[in-house]
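Structure at a glance
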Amino acid sequence: MGVEIGVLSAAPTRTAERYPGIKCFDVSGGRLRAILAAAMWSDIIIVGGGELVQDVSSMAYSLYNLLPLYLAILFRKKAFAWAVGIGQGNELAPLTPCFTRLALKGCHGITVRDRGSFNTLHKLGFREPDMILAADCALTLPIKNSNLEKPNILGAAPRNVSNRSGKILPLEIRRRFKNYQAPDPLPSADAWAEILDNHVSRHGSEVILFPFHTGSLSNDDREFCDLVRSRMSHSSGVSIADTSKTDEFVSLIASCRILITSPLHGLIMAVASGTVPVSISYSSKCVRFMEQVELEEYLPMGELGVPAGSAVAVLEKAWANSDNIQHRMVLVRKKLIHRAEQTSAHFRKTFNL
């Protein structure tokens, strides 16, 4: 689009090597300082995210994510909300809709990635054509082998979601307190180990674990994947994908017949890869996505982020019907790709790029 891009980065040297020409704002000296420096540098400030606002992780989460938009208003910068998702119902504190409305009022354009988010912002007064219903941009990625016949590999993306407890402070800060005690992850890990062992016993399939989030802002998926594998009886046939090798990571998702996942990222990348998703939901964003791809029947209900007894039957059903589900997904994916492309088109039109 002929624009220079700046990003916040916890590893600026690695980011600059991977994406030449990108300007990095190092967060190691303080996240707020980096955000302020980036806002001062920018002509256009972009915010994104599947949960731009939600107050389940912490009461500071929404305000932190909205801060760049408040800085855009303060410094009279242009702003754009890029394919955002908005928490629903009790995921939002009473004042969060008000804070959200004030922040987004400064945006020159908004795209949202699901109908629920669109409806929430519509109630706050936002309208087309400034706000457009789109879809997640990752769905447009050209992924190799996405339409080939899938081998008998089960992918799993477990996540320890015990941090989503509605505390005031974010997890990263709470961990610094001397009296902080992390909730025991073993019950959740054992539930994941049990469903995976059950599947291996039935089908003898290989299992690949996918850690999507490995930073400090939340529980580390890589640590949890290691724990799940250690609790499995059939751990010898279980591998863990390397998040540092992006192309390989995505290619492995495409090689799976089914991806049973807690993270929304897993659902999105499964659909983009032509792999059948089974959602162990911990948030309304996961439910909304499964509705969006017309696969609600592969959304077992139970404790948030923990495979319940019903998940075994749902996984078995998905495994048995995976070929038919993949064929159904083709048309849905094409429709969503078209919608996902609306974000960049709206951005270009908004800023005459």
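Structure first, text after, so check above.
Residues numbered from 1 in each chain as written. Predicted model: local features only at pLDDT ≥ 70, side-chain atom pairs only at ≥ 80, totals over all residues. Heavy atoms only, no water.

**A few points about the overall build of the protein**
How we decide: In this description a helix means any DSSP run of H or I spanning at least four residues, a strand means any run of E spanning at least two, and both kinds are numbered starting from the N terminus. Working definition: with a 1.4 Å probe on protein chains only, accessible area under 20% of the residue-type maximum means buried, over 50% means exposed, and in between means partly exposed. Residues are treated as being in contact if the distance between any of their heavy atoms lies within 4.5 Å. The protein chains shown are the only cover counted for residues, whose accessible areas, like all others here, come from Shrake-Rupley with a 1.4 Å probe. For this count, His and the chain ends are skipped, Lys and Arg are scored as positive, and Asp and Glu as negative. By convention, charge coordinates are those of NZ in Lys, CZ in Arg, CG in Asp, or CD in Glu.
Along the backbone of the protein there are 13 helices and 11 strands. Dimensions of the protein along its principal axes, counting C-alpha atoms only, are 60 × 50 × 40 Å. Counting over 353 residues, the protein shows a buried share of 49%. Sequence-distant contacts in the protein: of pairs separated by 6 or more residues, those separated by 24 or more amount to 69%. Surface accessibility of the protein: about 17000 Å² in total, with carbon and sulfur atoms responsible for 54%. Each charge class in the protein can be summarised by its mean position, and for the 39 positive and 33 negative side chains these summaries are 7 Å apart.

**Some remarks on the pattern of salt bridges**
Put simply, the rule reads: By definition here, a salt bridge exists when the distance from a side-chain nitrogen of Lys or Arg to a carboxyl oxygen of Asp or Glu is within 4 Å.
Under the definition given, this model contains 12 salt bridges. For Arg-229, the salt bridge is made with Asp-226, and the minimal N-O distance between the two is 3.8 Å. Placement of both Arg-229 and Asp-226 in helix α8 (residues 221–230) is noted, with a separation of 3 residues, approximately one turn of the helix.

**Quick notes on the nonpolar core**
Soluble globular proteins tend to pack their nonpolar side chains together in the buried interior. Condition: Only buried residues count toward a nonpolar core. Its members are Ala, Val, Leu, Ile, Met, Phe, Trp, Tyr and Cys residues joined through side-chain atoms within 4.5 Å.
If you look at the biggest cluster of nonpolar residues, it comprises 62 residues, and the most contacted ones within it are Leu-196, Phe-210 and Ile-260. Ranked by residue count, the leading element in this core is helix α10 (residues 264–273), at 7 residues. The contacts of Ile-260, once residues within four sequence positions are left out, are Leu-154, Gly-155, Ala-156, Ala-157, Trp-192, Ile-195, Val-278, Ile-280 and Leu-315. Within the second largest apolar cluster, 26 residues are counted, among which are Leu-69, Val-84, Met-131 and Leu-133.

**What to know about the packing of aromatic side chains**
Quick note on the threshold: Centres within 6.5 Å are what make two rings of Phe, Tyr or Trp a pair, Trp counting through its six-membered ring; a difference in plane orientation under 30 degrees is then read as stacked, over 60 as edge-to-face, and the rest as tilted. Only lysine NZ and arginine CZ atoms are considered, and such an atom sits over a ring when it is within 6 Å of the ring centre and within 35 degrees of the ring normal.
Overall, the coordinates contain 8 aromatic pairs when judged by the stated rule. Cluster of aromatic residues (ring-pair linked, three or more members): Phe-80, Trp-82, Phe-347 and Phe-351. The cationic tip of Arg-115 hangs over the ring face of Phe-118; the distance from NZ or CZ to the ring centre is 5.2 Å. Over the aromatic face of Trp-319 sits the side chain of Arg-257, whose NZ or CZ is 4.3 Å from the ring centroid.

**Describing the pairing of strand β3 (residues 44–48)**
Our working definition: Here a strand pair is declared whenever DSSP counts at least two bridges between the two strands. Call a crossover right-handed when, viewed with both strands pointing away from you, the route from the first strand across the helix to the second goes clockwise.
Burial of the side chains of β3 is restricted to one face: Ile-45 and Val-47 are buried, whereas none of Ile-44, Ile-46 and Gly-48 on the reverse face is. Relative to strand β4 (residues 78–84), β3 is paired through 5 bridges, and the arrangement is parallel. Within β4, the position partnered with Ile-44 by the bridge is Lys-78. Remark: the β3/helix α3 (residues 61–74)/β4 crossover connection has right-handed handedness.

**Things to note about the environment of Met-40**
Its place among the elements puts Met-40 in helix α2 (residues 31–41). Residue class for Met-40 comes out partly exposed when judged on its relative accessible area of 48%. For the pair Met-40 and Leu-71, spaced 31 residues apart in sequence, the C-alpha separation works out to 8.5 Å. Beyond its immediate stretch of four places on either side in the chain, Met-40 contacts Phe-75 and Lys-77.

**Some details on the packing of helix α9 (residues 246–255) against α10**
To be explicit about the condition: Every axis corresponds to a line fitted to the C-alpha atoms, with the helix fit spanning only the stretch in contact, and the corresponding angles, defined between N-to-C directions, vary from 0 to 180 degrees. Angles below 35 degrees are treated as roughly parallel, those above 145 as roughly antiparallel, those between 65 and 115 as roughly perpendicular, and all remaining angles as oblique. Each residue is assigned to one of three groups, with Ala, Val, Leu, Ile, Met, Phe, Trp, Tyr, Cys and Pro labelled nonpolar, Asp, Glu, Lys and Arg labelled charged, and all others, Gly among them, labelled polar.
Contact geometry of α9 with α10 gives a least axis separation of 9 Å together with a crossing angle of 70 degrees. With respect to each other, α9 and α10 are oriented roughly perpendicular. Facing Val-250, Ile-253 and Ala-254 of α9, the residues of α10 in contact are Met-269, Ala-270 and Ser-273. Split by residue class, the contact of α9 with α10 holds 5 nonpolar, 1 polar and no charged.

**Describing the sheet that holds β4**
An order of β3-β4-β5-β6 is seen for the 4 strands of this open sheet, with the pairing classed as parallel. Edge strands, defined here as strands with exactly one partner in the open sheet, are β3 and β6 (131–133). Between one strand axis and the next, the sheet turns through 15 degrees on average, direction left out of account. As defined by bridge partners, β4 adjoins strand β5 (residues 109–112) across 3 bridges and the pair is classed as parallel. The residue of β5 that forms the bridge with Val-84 is Val-112. Most of the contacts of helix α13 (residues 322–351) go to β4, to which it runs at about 175 degrees, and overall it touches β3, β4, β5 and β6.

**A few points about the sheet that holds strand β10 (residues 258–261)**
Strand order in the open sheet formed by 5 strands is β9-β8-β7-β10-β11, with parallel pairing between adjacent strands. At either end of the open sheet lies a strand with only one pairing partner, and these are β9 (238–240) and β11 (276–279). Averaged over all pairs of adjacent strands, the angle between their axes in this sheet comes to 25 degrees, without regard to strand direction. Across the sheet, helix α7 (residues 186–203) lies against β7 (153–157), β8 (206–209) and β10, angled at about 175 degrees from β7, the strand it touches most.

**Here's the deal with the side chain of Thr-120**
Residue placement: Thr-120 occurs in helix α5 (residues 115–123). Excluding anything up to four places from it in sequence, Thr-120 contacts Ile-86, Gly-87 and Gln-88.

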